[in-house]
Amino acid sequence: MSNLQLRALTAVVLGAFTLWLTYIGGVGFTLLMVAMGAAIFYEWTQLAAKRLNKIGVIIGWFVMAGIAAMLILDEQALFIIAVLLAASLILAIFTFKNSSGWLAGGLLYAGFPMIAL
């Protein structure tokens, strides 16, 4: 099986699984969105790894975990957005010298889709 065929087969299987979770909704869909947000944040931290400090990345992961917990516990979306914005602002202030806002931007980039969906 070629690489393209494997990717196509994987896309069909994951697409069907995603559509099924979207249809049934609930906690399963929320967990899918949390996994999507975690994957986005992981990818962002890997792409910008040379610009980020390790403590900031660890704090970012704790923020993502907190947002995930609030989503799973079905907190109000505006409250979760406020937490995300506040955490991003704090990270931007404390890590701006080293990372020029890359970490805060990544947190927003990964967190907003997770909350919106």
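Structure: above.
Residues numbered from 1 in each chain as written. Predicted model: local features only at pLDDT ≥ 70, side-chain atom pairs only at ≥ 80, totals over all residues. Heavy atoms only, no water.

(A) View of the packing of aromatic side chains. Inspection of every chain in the model, using the stated rule, returns 4 aromatic pairs. Both rings, one in Phe17 and one in Trp20, keep their centres 6.1 Å apart while their planes meet at 35°; by these two values the pair is tilted. Highlighted residues: Phe17 and Trp20, both in helix H1 (residues 3-24), separated by 3 residues, approximately one helical turn. A relative accessible area of 42% places Phe17 in the partly exposed class. Between Trp44 and Trp102, the ring centres sit 5.9 Å apart and the planes meet at 45°, which makes this aromatic pair tilted. Of the two residues, Trp44 sits in helix H2 (residues 26-47) while Trp102 sits in helix H5 (residues 102-116), which places them 58 residues apart along the sequence. Note on Trp102: relative accessible area 34%, which makes it partly exposed. Every member of this aromatic cluster is reached through a ring pair, and the members are Trp44, Trp102 and Tyr109. (Phe/Tyr/Trp six-rings, centres within 6.5 Å; stacked < 30°, edge-to-face > 60°. Helix = DSSP H or I, 4+ residues; strand = E, 2+ residues; numbered from the N terminus. Buried < 20%, exposed > 50% of the residue type's maximum accessible area, 1.4 Å probe, protein only.)

(B) Structural detail: H5. Its 15 residues place the ends of H5 21 Å apart at the C-alpha level, agreeing with the 21 Å of an ideal helix rising 1.5 Å per residue. Within H5 the residues assigned to the buried category are Leu103, Ala104, Gly106, Leu107, Ala110, Gly111, Met114 and Ile115. Burial along H5 is one-sided: seen end-on, the buried residues are contained in an arc of 155°. For H5, exposure combined with an orientation more than 90 degrees from the buried face picks out Tyr109 and Ala116. (Expected span 1.5 Å × (residues − 1). Arc of directions from axis to C-beta.)

(C) Looking closely at a nonpolar patch on the surface. Side chains of Met1, Leu6, Leu9 and Val13 sit close together on the surface and give an oily, nonpolar patch of about 430 Å² of accessible area. The exposed category is assigned to Val13, whose relative accessible area is 52%. (Patch = residues over 30% accessible without salt bridge, like charges linked within 9 Å, V, L, I, M, F, W, Y side chains within 5 Å. Areas by Shrake-Rupley, 256 points an atom, 1.4 Å probe, with all protein chains shown as cover. Salt bridge = Lys/Arg side-chain N within 4 Å of Asp/Glu carboxyl O.)

(D) Region of the structure containing H1. Taking 1.5 Å per residue, 22 residues should reach 32 Å; H1 reaches 32 Å between its end C-alpha atoms and fits that length. Among the residues trailing H1, Gly25 stands out with phi positive, at a value near 65°.

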